[in-house]
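Chain and residue survey
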Amino acid sequence: MTVPLPTATTRWRCTLCGNLTRFDVTRSSKVVEYIHLDLAGEPTVEEREVVSETIESVRCRWCNAVDQVELVDRPGAGS
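Cut-offs applied
Residues numbered from 1 in each chain as written. Predicted model: local features only at pLDDT ≥ 70, side-chain atom pairs only at ≥ 80, totals over all residues. Heavy atoms only, no water. Helix = DSSP H or I, 4+ residues; strand = E, 2+ residues; numbered from the N terminus. Rg over C-alpha atoms; globule rule 2.2 N^0.38 Å. Buried < 20%, exposed > 50% of the residue type's maximum accessible area, 1.4 Å probe, protein only. Contact = heavy atoms within 4.5 Å. Lys, Arg positive; Asp, Glu negative; His and termini not counted. Charge placed at Lys NZ, Arg CZ, Asp CG, Glu CD. Polar contact = N/O pair within 3.5 Å; in protein donor to acceptor, adjacent residues only side chain to side chain. Phe/Tyr/Trp six-rings, centres within 6.5 Å; stacked < 30°, edge-to-face > 60°. Core = buried A, V, L, I, M, F, W, Y, C linked by side-chain atoms within 4.5 Å. Pairing = 2+ DSSP bridges. Salt bridge = Lys/Arg side-chain N within 4 Å of Asp/Glu carboxyl O.

This part covers the overall build of the chain. Within the chain, the secondary structure is distributed over 0 helices and 4 strands. For the chain, the α and β elements follow one another from N to C terminus as β-β-β-β. A compact globule built from 79 residues should have a C-alpha radius of gyration of about 12 Å, whereas the chain, at 17 Å, is more than 25% larger. Each of the 79 residues in the chain was classed as buried or not, and the buried ones make up 18%. Summarising the internal contacts of the chain: among those between residues at least 6 apart in sequence, 63% fall at separations of at least 24. Each charge sign in the chain was given a centre, from 9 positive and 12 negative side chains, and these centres are 11 Å apart.

Set out below in structure tokens:
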């Protein structure tokens, strides 16, 4: 089950317990990073471009339900 990302007008809600704030998200990402190494060899990521990203699962931190998340409107999003 693919769970869509929240938008500026929506947020996640657990359908079992009503949680709106705490979730464990498992995602796969393909990124391109520009890494700068200082003279001592310590790396720093200076630029990061997400090429693709897929949410594999979302688990509710309150009730431990897996993939029981829906998108709901954010308060005031219709205003």
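So that's the structure; there's more coming.
Secondary-structure assignment places T10 in strand β1 (residues 10-14). A polar atom in the side chain of T10 sits 2.9 Å from the side chain of T7. Excluding anything up to four places from it in sequence, T10 contacts L71, V72, D73 and R74.

It is worth spelling out the environment of P75 at this point. Within the element layout of this structure, P75 appears in the segment after β4 (69-73). Along the chain, P75 and V31 lie 44 residues apart, while their C-alpha atoms are 33 Å from each other.

Right, let's talk about the packing of aromatic side chains for a bit. Under the counting rule described, the total for this entry stands at 1 aromatic pair. Ring centres of W12 and F23 lie 5.6 Å apart, and the angle between their planes is 80°; this geometry places the pair in the edge-to-face category. A residue pair is termed long-range when its members are at least 10 positions apart, and W12 in strand β1 and F23 in strand β2 (residues 23-37) qualify at 11 residues.

The subject of this paragraph is the nonpolar core. The biggest cluster of nonpolar side chains holds 9 residues, and these are V3, W12, C14, F23, I55, V58, C60, A65 and V69. Looking at this core element by element, the count peaks at 3 residues for strand β3 (residues 43-60).

In this section: the pairing of β2. Bridging between β2 and β3 involves 15 bridges; their strand directions are antiparallel. Across the sheet, F23 pairs through a bridge with C60, a residue of β3.

Pairing is possible between side chains that carry opposite charge, provided their charged atoms lie close to one another. Evaluation of the coordinates by the stated rule reveals 5 salt bridges. Close ionic contact of R59 with D24 constitutes a salt bridge, the shortest N to O distance being 2.3 Å. With R59 in strand β3 and D24 in strand β2, the pair connects residues that are 35 residues apart, well separated along the chain. E53 is the partner of R27 in a salt bridge, and the nearest nitrogen-oxygen pair spans 3.2 Å. With R27 in strand β2 and E53 in strand β3, this pair connects stretches of sequence that are 26 residues apart. Here R27 falls in the partly exposed class, since its relative accessible area comes to 40%.

Mapped onto the fold, N19 is located in the loop between β1 and β2. Discounting residues that sit within four places of it in the chain, N19 has contacts with W12, R13, C14, C60, R61 and W62.

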